[in-house]
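Understanding the architecture of this molecule
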Amino acid sequence: MISSESNNSNTVEVDGIQFETMMPERVVQIPPKLPDAKTQVQFGIRVTNNTATPHRFILFSARPQFLQANKQEVLPFRVNAYRTEPSELSDFQLIVPGESVDFWLEGYFHWFKNELNFSFLRKDASYWWFSQFKSDTYFIQIYYANLYPDWEEMGFAGEIIYLKPMYKQQNYNYPKSDMIKIKDVWIGEVYTPPIKFSLIH
């Protein structure tokens, strides 16, 4: 896997796939210290396929990472869900050569026990909590990793089709001939370049 920074400080390229950090609003208002007061924050990744081959992507496990002004990481606290949500068929995106797809995520700043925190619920239902923010300059980047190139149908609910990774050691005595399978999903681990934003009162 070959990784390189581009001239655009928001992007990094891995084996011909370009990842860009996105955050539409770079000045974020700190919410008032009131019950249920929140400031929503939108951020995401733009994935551009600079190769000659179509690639599929699933950003099911993407999450934010925050850095202080001195680039020290704001350490997260993770709460595992009682039930992990499976990937949906709609979570997989095919990106043809020369095209880009934007993957948007959202979290919020709020007060808890006199501390300013950021909360983020990942698509897999795990809950991420970042604490001790203040009025200052920060950086945000996105962490994305996928270990499984091949996925297959595991069930459905109404019109929603769920998929799970395919493992070589699994054997099915009675495989479904019409089982949905997705192969050659891009695998790798990426930290998008950090971009600066400000928290203000």
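Before any of the text, the structure's been laid out above.
Residues numbered from 1 in each chain as written. Predicted model: local features only at pLDDT ≥ 70, side-chain atom pairs only at ≥ 80, totals over all residues. Heavy atoms only, no water.

For the rest of this paragraph, the subject is the overall build of the chain. Counting secondary structure elements, the chain contains zero helices and 20 strands. Across the 201 residues in the chain, those meeting the buried criterion constitute 44%. Surface accessibility of the chain: about 11700 Å² in total, with carbon and sulfur atoms responsible for 50%. (Helix = DSSP H or I, 4+ residues; strand = E, 2+ residues; numbered from the N terminus. Buried < 20%, exposed > 50% of the residue type's maximum accessible area, 1.4 Å probe, protein only. Areas by Shrake-Rupley, 256 points an atom, 1.4 Å probe, with all protein chains shown as cover.)

Ranked by size, the top nonpolar core spans 43 residues in total, and within it Phe19, Phe57, Phe109, Phe118, Phe133, Phe197 and Leu199 carry the most contacts. Among all residues touching phenylalanine 197, those that are not within four sequence positions of it are Met23, Arg26, Val28, Phe66, Phe109, Asp136, Thr137, Tyr138, Phe139 and Ile140. (Core = buried A, V, L, I, M, F, W, Y, C linked by side-chain atoms within 4.5 Å. Contact = heavy atoms within 4.5 Å.)

As a further point, take the environment of leucine 147. Along the chain, leucine 147 turns up in the loop between β15 (137–146) and β16 (151–157). The spacing of leucine 147 and isoleucine 187 is 40 residues in sequence and 5.4 Å in space, taken between C-alpha atoms.

Next up on the list: the packing of aromatic side chains. Two aromatic rings are characterised by how far apart their centres lie and by the angle between their planes. Taken as a whole and assessed by the stated rule, the structure comprises 22 aromatic pairs. Considering the side-chain rings of phenylalanine 109 and phenylalanine 133, the 5.1 Å spacing of their centres and the 90° angle between planes classify their relative orientation as edge-to-face. Placement of the pair is phenylalanine 109 in strand β12 (residues 100–112) and phenylalanine 133 in strand β14 (residues 127–133), with a sequence separation of 24 residues. For the pair phenylalanine 109 and phenylalanine 133, a shared accessibility class is recorded, and that class is buried. By the ring-pair criterion, three or more aromatic residues cluster together here, those being Phe43, Phe66, Phe109, Phe118, Phe120, Phe130, Phe133, Tyr138 and Phe197. Its end group placed over the ring of tryptophan 111, lysine 33 keeps NZ or CZ at 4.5 Å from the ring centre. (Phe/Tyr/Trp six-rings, centres within 6.5 Å; stacked < 30°, edge-to-face > 60°. Lys NZ or Arg CZ within 6 Å of the ring centre and 35° of its normal.)

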